[in-house]
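If you want the building blocks of each chain, they are given just below.
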Amino acid sequence: MRRSAGPREGVYLYGERGEKYLDFASGIAVNLLGHGHPVLTKAIQDQAATLMHVSNLYGSPQGEALAQRIVDLTFADTVFFTNSGAEAVECAIKTARRYHHAKGNAHKHDLITFSNAFHGRTMATISATNQEKLRDGFAPLLPGFKVVEFDNLEQALAAIDDNTAGFLLEPVQGEGGIRPASKEFIQGLRKVCDERDLMLVFDEVQCGVARTGTLYAYEQYGVEPDILASAKGIGGGFPMGACLATEKAASGMVIGTHGSTYGGNPLAMAAGQAVFDVVANDEFLGHVRQMGDRLRAALEQMIPNHDQLFDSVRGMGLMLGIKMKTDSRAFVNWLRGQGILAVAAGDNVMRVLPPLTIDERHIREFVEGLSEAASIYEVPEAA
Ligand SMILES: *Cc1c(COP(=O)(O)O)cnc(C)c1O
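Everything numeric here is computed off the predicted structure, so don't read it as measured data.

About the criteria used
- Residue numbers run consecutively from 1 along every chain, following the written order of its sequence.
- Totals for whole chains, interfaces and linings use all residues, but because this is a predicted model, local features are given only for residues with pLDDT of at least 70 and pairs of side-chain atoms are given and counted only at 80 or more.
- Processing note: side-chain calculations cover all non-hydrogen atoms of the structure and skip hydrogens and water entirely.
- A run of DSSP states H or I qualifies as a helix once it reaches four residues; a run of E qualifies as a strand once it reaches two. Both are numbered from the N-terminal end.
- Our radius of gyration looks at C-alpha atoms and nothing else; its globule reference is 2.2 Å times the residue count to the power 0.38.
- We call a residue buried when its accessible area falls under 20% of the maximum for its residue type, exposed when it is over 50%, and partly exposed in between, using a 1.4 Å probe and counting protein chains only.
- Only heavy atoms enter the contact rule, under which two residues are in contact if any of them lie within 4.5 Å.
- Per-residue and other accessible areas were derived by the Shrake-Rupley procedure at a 1.4 Å probe size, with only the shown protein chains allowed to occlude residues.
- All domain edges in this entry derive from an automatic or database-based domain assignment.
- Accessible-area loss on putting two parts together, using a 1.4 Å probe and summing over both, is the definition of buried area adopted here.
- Whenever Lys or Arg places a side-chain nitrogen within 4 Å of a carboxyl oxygen from Asp or Glu, that contact is recorded as a salt bridge.
- By the criterion applied in these results, polar contacts are pairs of N or O atoms within 3.5 Å in which, for protein atoms, one can donate a hydrogen and the other can accept it, and in which residues neighboring in sequence qualify only through two side-chain atoms.
- Distances are taken per atom, and a residue is near a molecule or strand as soon as one of its heavy atoms is within 4 Å of it.
- Basically, the charged four are Asp, Glu, Lys and Arg, the nonpolar ten are Ala, Val, Leu, Ile, Met, Phe, Trp, Tyr, Cys and Pro, and anything else, Gly included, counts as polar.

Looking only at helices and strands, the protein chain has 12 helices and 16 strands in total. Taken over C-alpha atoms, the radius of gyration comes to 21 Å for the protein chain, in line with the 21 Å a tight globule of 383 residues would show. Considering only C-alpha atoms, the protein chain reaches an extent of 65 × 50 × 40 Å along its principal axes. Expressed as a percentage of the 383 residues in the protein chain, the buried residues total 55%. When contacts within the protein chain are restricted to residue pairs at least 6 apart in sequence, those whose partners lie at least 24 apart make up 72%. Summed over its atoms, the accessible surface of the protein chain is roughly 16300 Å², and 50% of this surface lies on carbon and sulfur atoms.

The structure is reproduced here in structure tokens:
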């Protein structure tokens, strides 16, 4: 059933009994080429048959090639490959601390982070958020994080003290409910980081790699970070991540300070190259922006017909969220039974994260299906 999967068919999933789903979840913003994309599949097949893993003991031409490509396309001068998003964020945190350590300022170890952030599930990354559901039962958490309100520049600036290493944030919050930070906020953080020699660390694990219509979301804010964590879409479904940094920011990360057994293995690098082959060009990014505009417009037009359920649309590119007036998790679970996949998020938001390869027909099918579903949905009684 999956055999013919090309860019158009790859937007569908099939259950065990053959039931068909329109996949606007993409495995949580991961399958940005959909399922079974021929370029990605072939790259992984060919590489798997050639060489999967040798460890970083011998160097990796595949890793060097992909790192060079990312350096050419972004603010970064250097790239460290990981196997997941949380590991990329961990590397980013270590890089920020180590920068100050190498300058003789080891006391500058605190990162200022933001409410409702999601940075992963490791000890450091759950310590970097104030979300109780991520932290409950895992005390003691790691020190070195100070959480202030997201998108509140005044609070962020007031939190700086002599121990501050920098700021860690998602320019567009994902799990927290698809919340793009304002330009003033991001630019204000950049300015203070320049003035006070602090590290601006972006977690673009969810919003990066073409999802918002530019290769990375920071491009739309008119600033560059010092360090950036990337993952999810970067392997198109193959588990990998990357920590990008400027030469200056990475100056403390000398040989021997950090490492990963699997990170940068040839198989993951082949997947990453295939993803960049498809997405890292103006035509594809223009397609994402156009589809994002159309999907958003269609949703905005549909919402007033179901205003008991839906409030508004927010987000950037094909990273959209529908703010709901009822429990979004219950609705998204129910919607699956109607053959439509989306993802719940905080703040009663339903995340709409289709493969970036969608066309107009998928948009129409999604919005019509969602509208039909909304008209028969019965809001469950509050428990
Ligand atoms: C998913 C996510 C992570 C964690 O990635 P994993 O691959 O699950 O470790 C970190 N930050 C953000 C913004 C994410 O969306």
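Attention now moves to the domain arrangement of the protein chain. Assigned domains within the protein chain: domain 1 (7–36 + 281–376) and domain 2 (41–279). Using only C-alpha atoms to locate each centre, domain 1 and domain 2 end up separated by 26 Å. The partner domain 2 presents 30 residues to the 29 residues of domain 1 that form the contact. It is Leu32, Met316 and Met319 in domain 1 that bury the most area against domain 2; as a group they hold 29% of the surface buried on that side. At the junction of domain 1 with domain 2, the criterion picks out one salt bridge. The partner of glutamate 175 in a salt bridge is arginine 351, and the shortest N-O contact between them spans 3.0 Å. At the boundary of domain 1 with domain 2, the tally comes to 11 residue pairs in polar contact (both at pLDDT 80 or more). In terms of residues, the side of domain 1 that touches domain 2 owes the most to one element, helix α10 (residues 282–302), which gives four residues.

Close to the ligand lie Ser84, Gly85, Ala86, Phe118, His119, Gly120, Glu170, Asp203, Val205, Gln206 and Lys232. In the model, an oxygen atom of the ligand is placed 2.7 Å from a nitrogen or oxygen of the alanine 86 main chain. At a separation of 2.7 Å, an oxygen atom of the ligand approaches a polar side-chain atom of glutamine 206. Relative to its unbound accessible surface of 380 Å², the ligand loses 82% to contact with the protein. Residue composition of the shell around the ligand, grouped by class: three nonpolar, five polar and three charged.

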